[in-house]
Amino acid sequence: MAGLILMAVILLNLSLLGGRMLKGCISRVALQGFLTALFGIAVHSGTMSFRLMGLGIAAMVVKAAVFPWFLTRAMRATEETEERRPFMGVTLSMSLGIIMVAAGFYLGRVFPVGIVEISRLALPVSYTTILSGLLMMIARRSVLFQATGYLVLENGIYIAGITLVSGFPFLVELGVLLDVIAAVLVMLVVVMQIDRASNGQDGDALSELKG
Amino acid sequence: MTGTPSLLIPVLLAVPVMAGVLSMLARRAGVILGILAGGTCVIAGIVFSLFLMWSSGQAPIVSGMWFRVDALSLLHLGILSGVVMMATVFSRGHFVRELESGAITLRDIRKFALLWSGAVLSMIVILVSNNLGLMWVGLESTTVTTAFLVSLHRTPHSLEATWKYIIVCSVGIALAFMGTLLMGAAASRVPGGELQPLMWTRLVEVAGLLDPSLARIAFIFLLVGYGTKAGLVPMHTWLPDAHSQAPAPVSALFSGFMINTGLYCIMRYQAIMAGVPGGAEWSRGLLAAFGIVSILVGAIFIIFQSNLKRFLAYCSIEHMGIIALGLGLGGSGIFAALFHSLNHSTAKTLAFCSAGRLGQAHGIHDMAEIRGTLRSFPVWGAGLWISLLALFGVAPLSIFFTEFLVARRAMEAGRFLVLTAMLAGVGLAFIGGMRKAIPMAMGSPVDGVREGKTRTGAYVVVGFSSAILLVLGLYLPGPLTGLISAAAAIVEGVR
């Protein structure tokens, strides 16, 4: 089960890197968020406590519903629906995405550090997802796609968190969750403000400050 | 856990919350900003009491398992309260003028007060946390709370700066979280460690038992992640934009203290790495490398700047590099780095406040258009001149002294290449900086731009900071030396 979820996460990384329509990318990142949260619940199902279950469900709601809803609202407000002129074309991004998969598995072999014996795939997939998120943020001109890339990066770190540490204090986990929500919210509000100020939140409008 | 229990820490955390709530109830700009200044004075008072408690027993002050104030936190709390005090006093005059000219509204000032209190609270959380996870939460919150402070004046440029700031720092912070996870994983492998894997005191105790390779990977993530917030090259790209676009009091807070919080987090981990087998030398080497690159890149960009606030921002990058280099050299270099933090924060707060007032009066931040300020603006002109002299390392101001200490440490350690690179960077910055600073201070004043009535706050900010810069350059009081040495011992891992 865990292995299947992780494979799906990798496939979603590639399809996100190849996506040009914002709406499709939002649904894919929502699905990926749902799967990563499900992964968290699935691997702890043997030792499930009330606290872990609650956090898992909270993460699922945030990743699969709250973030996509924010993104959709920002998309409607800015009327940005597709990436017209990415810095990197689809073919190049997807090829690099495949290299990221290789790099992720390589890193997973060099640093075999997972403590919870869940799935040997978990860390390589986490590294791959973090790298793909970063790649997506670099490759796209549209700021909404950059924000989507940040969510992919967050999903990768979530997988690592589940794999590496099983006993984070509750307060810390809650704080992390709230902070991430706040960060994404701030990003999207800034997106809308940029749109209002420049009529079109193309990253091109964002290249005046130099040096 | 040993330490003196005290309720002062929760009270310290409550003050910015109270100040934020109270300022929301006030209806006049002067009152709102007055409440912020009052809150800052209370914070400074509490920090001073904590210092007295600490110096009477030389033991950390704790509150439960989660909060702990030791010499390192105390030194930074002291710097924080000084910087926030100067910046809030300055903000009163600055924003009241902007309100009169219609550049901002009362609503903006309320927003400022709320976010400012939030930012101060987050920074206090970073400094008093014993839990590394909570420390991370505090640092992430500084980004979230200060993002809208950058775009208080909602212009396309300030929004661009805000976007860069939030996206670059969020990625940095995400990487730091990965590092925190890896460090937590290393700790939970130590027998008995799974109970409290993120308690800093616990990690320092068991550092010798941590898996060295895991701790190293964690440190790389942490250095890059927290280094982003600290503005170390090449993760600095957000810094010049955010500093130049933010209103002057916000830039003062950013450069005066917020970027130091990034380095503070790195220092906490450096203390852990000091106990990891082979970790001390290795982590210092990395810090020194980032430091040197930051000094050189900062210095080169200083030469080519025309905007006063960007110029100061690159100067911050250079100084963060000097602090990182000091930390990387170890030994007396750590003392120098911590002392340099104090001096740089004082000078940079003064510089940004002066630049803010002068830019506001001239209506432009282009350095070619700001001339002869010593004559036209006796107080703020002097503030800018003194702070720039200090920042570019002119004796006998205190930054000269700490730069000298860092250089001496490099020589003692036989790191001549590092020494050469540092001196080249500092020299370049001096030449580039003075070429801009002298006309701004001494040239012929711009027609029609003069200070009308100097506010009392101006005398307070300029007088207080200049006095610190001058006195600390000539004489280091015993209690301060004791505090900095104790803080340096913590970073170096001496137990």
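All residue numbers refer to positions counted from 1 along the written sequence of the respective chain. The order in which chains are written sets their letters, starting at A; the order in which ligands are written sets their numbers, starting at 1. Reporting in this predicted model follows two pLDDT cut-offs: at least 70 for local features of residues, and 80 or more for side-chain atom pairs to be given and counted; totals over whole chains, interfaces and linings ignore these cut-offs and use all residues. Side-chain numbers come from the whole structure's heavy atoms, not from hydrogens or water.

**Side note on the state of the cysteines**
Throughout, a disulfide means two cysteine sulfur atoms within 2.5 Å of one another. Overall, the coordinates contain 0 disulfides over all chains when judged by the stated rule. Cysteine Cys169 of chain B is unpaired, with the sulfur of Cys265 of chain B as its nearest cysteine sulfur at 12 Å.

**A look at the confidence of the model for chain B**
Confidence per residue, as judged by the predictor, is encoded in pLDDT with a range of 0 to 100. Confidence in the prediction of chain B, expressed as mean pLDDT, is 93, and 99% of residues score 70 or more. Interface scoring of the predicted complex returns ipTM 0.89; its pTM is 0.93.

**What about a nonpolar patch on the surface?**
Without a salt bridge and with relative accessible area above 30%, a residue can belong to a patch; like charges are then joined within 9 Å and nonpolar side chains (Val, Leu, Ile, Met, Phe, Trp, Tyr) within 5 Å. To be clear on the numbers: accessible area is Shrake-Rupley with a 1.4 Å probe, and residue cover counts the displayed protein chains and nothing else. Salt bridge criterion: a side-chain nitrogen from Lys or Arg within 4 Å of a carboxyl oxygen from Asp or Glu. On the surface, a nonpolar cluster with roughly 480 Å² of combined accessible area is contributed by Val17, Met18, Val21, Leu22 and Leu25 of chain B. Residue classification places Val17 of chain B among the partly exposed residues on the basis of a relative accessible area of 40%. Exposure classes here rest on a 1.4 Å probe applied to the protein chains alone. A residue is buried below 20% of its type maximum, exposed above 50%, and partly exposed in between.

**Points about the packing of aromatic side chains**
Residue and element names in this part refer to chain B. The pairing test for Phe, Tyr and Trp rings, Trp by its six-membered ring, is centres within 6.5 Å, and the orientation test on the planes gives stacked under 30 degrees, edge-to-face over 60, and tilted for anything in between. Within this structure, the stated rule accounts for 15 aromatic pairs over all chains. When the ring of Phe112 is compared with that of Trp116, the centres are 5.0 Å apart and the planes differ by 35°; the resulting orientation is tilted. Placement of the pair is Phe112 and Trp116 together in helix α4 (residues 106-128), with a separation of 4 residues, close to one helical turn. On the basis of relative accessibility, which here comes to 0%, the residue Phe112 falls in the buried class. Ring geometry for Trp136 and Phe177: centres 4.8 Å apart, planes at 50°, overall tilted. Strands are runs of DSSP state E lasting at least 2 residues, helices are runs of H or I lasting at least 4, and numbering of each runs from the N terminus.

**Observations concerning the nonpolar core**
Ranked by size, the top nonpolar core spans 238 residues in total, and within it Leu77, Trp163, Met183, Leu210, Tyr226 and Ile272 of chain B carry the most contacts. Among the elements that line this core, the one with the most residues is helix α6 (residues 156-189) of chain B, at 19 residues. We call a set of buried residues a nonpolar core when its members are Ala, Val, Leu, Ile, Met, Phe, Trp, Tyr or Cys and they connect through side-chain atoms within 4.5 Å of each other. Formed by 13 residues, the second largest nonpolar core is a distinct cluster that contains Ile5, Val101, Ala122 and Ile162 of chain A.

**A short note on the interface of chain A and chain B**
The interface of chain A with chain B comprises 47 residues on the first partner and 44 residues on the second. Buried surface area refers to the total accessible area, computed with a probe of radius 1.4 Å, that the two partners give up upon joining, counted for both partners together. Regarding the contact of chain A and chain B, the summed buried area is about 3,900 Å², with carbon and sulfur atoms giving 78% of it. Along the contact surface separating chain A from chain B lie 0 salt bridges. Here a polar contact means two N or O atoms within 3.5 Å. Within protein one must be a hydrogen donor candidate and the other an acceptor candidate, and residues neighboring in sequence count only if both atoms are side-chain atoms. Counting the contacts that link chain A with chain B gives 1 residue pair in polar contact (both at pLDDT 80 or more). Listed by contribution, the elements that provide at least two residues to the side of chain A that touches chain B are α5 (122-139), α6 (143-164) and α7 (170-198) of chain A. Looking at the side of chain A that touches chain B, the element that brings in the most residues is α7 of chain A, giving 16 residues. Split by residue class, the side of chain A that touches chain B holds 33 nonpolar, 9 polar and 5 charged. The contact definition used throughout considers only heavy atoms, calling two residues in contact when any of these lie within 4.5 Å. Three residue categories are used. Nonpolar comprises Ala, Val, Leu, Ile, Met, Phe, Trp, Tyr, Cys and Pro, charged comprises Asp, Glu, Lys and Arg, and polar comprises the others, including Gly.

**Here we look at the side chain of Lys348 of chain B**
Examined against the element boundaries, Lys348 of chain B turns out to sit in helix α13 (residues 332-362). Positive charges come from Lys and Arg alone, negative charges from Asp and Glu alone, with His and the N- and C-terminal ends not counted. Among buried charged residues, Lys348 of chain B stands out as having no salt bridge; its nearest opposite-charge side chain is Glu318 of chain B, 7.3 Å away.

**Quick notes on the side chain of Thr143 of chain B**
If you trace the backbone, Thr143 of chain B turns up in helix α5 (residues 132-150). Those residues in contact with Thr143 of chain B, other than ones at most four positions away along the chain, are Tyr165, Ile166, Cys169, Ile173 and Lys229 of chain B.

**Quick notes on the packing of α6 of chain B against helix α9 (residues 238-245) of chain B**
All names here are of chain B. Throughout, an axis means a line fitted to C-alpha atoms (over the contacting stretch in the case of helices), and angles, computed between N-to-C directions, take values from 0 to 180 degrees. For the pair α6 and α9, the least separation of the axes is 8 Å and the interaxial angle reads 140°. As far as their axial angle goes, α9 and α6 are oblique. Considering how the two elements wind past one another, α6 and α9 form a crossing that is left-handed. From α6, His157, Ser158, Ala161, Lys164, Tyr165, Val168 and Cys169 reach across to α9, where they touch Trp238, Asp241, Ala242 and Gln245. Class assignment for the residues of the contact of α6 with α9 results in 6 nonpolar, 3 polar and 2 charged. By definition in this entry, angles of less than 35 degrees are roughly parallel, angles greater than 145 are roughly antiparallel, angles of 65 to 115 are roughly perpendicular, and the rest are oblique. Crossing chirality is assigned from the near helix's rotation relative to the far helix, an anticlockwise turn below a right angle marking it left-handed and a clockwise turn marking it right-handed.

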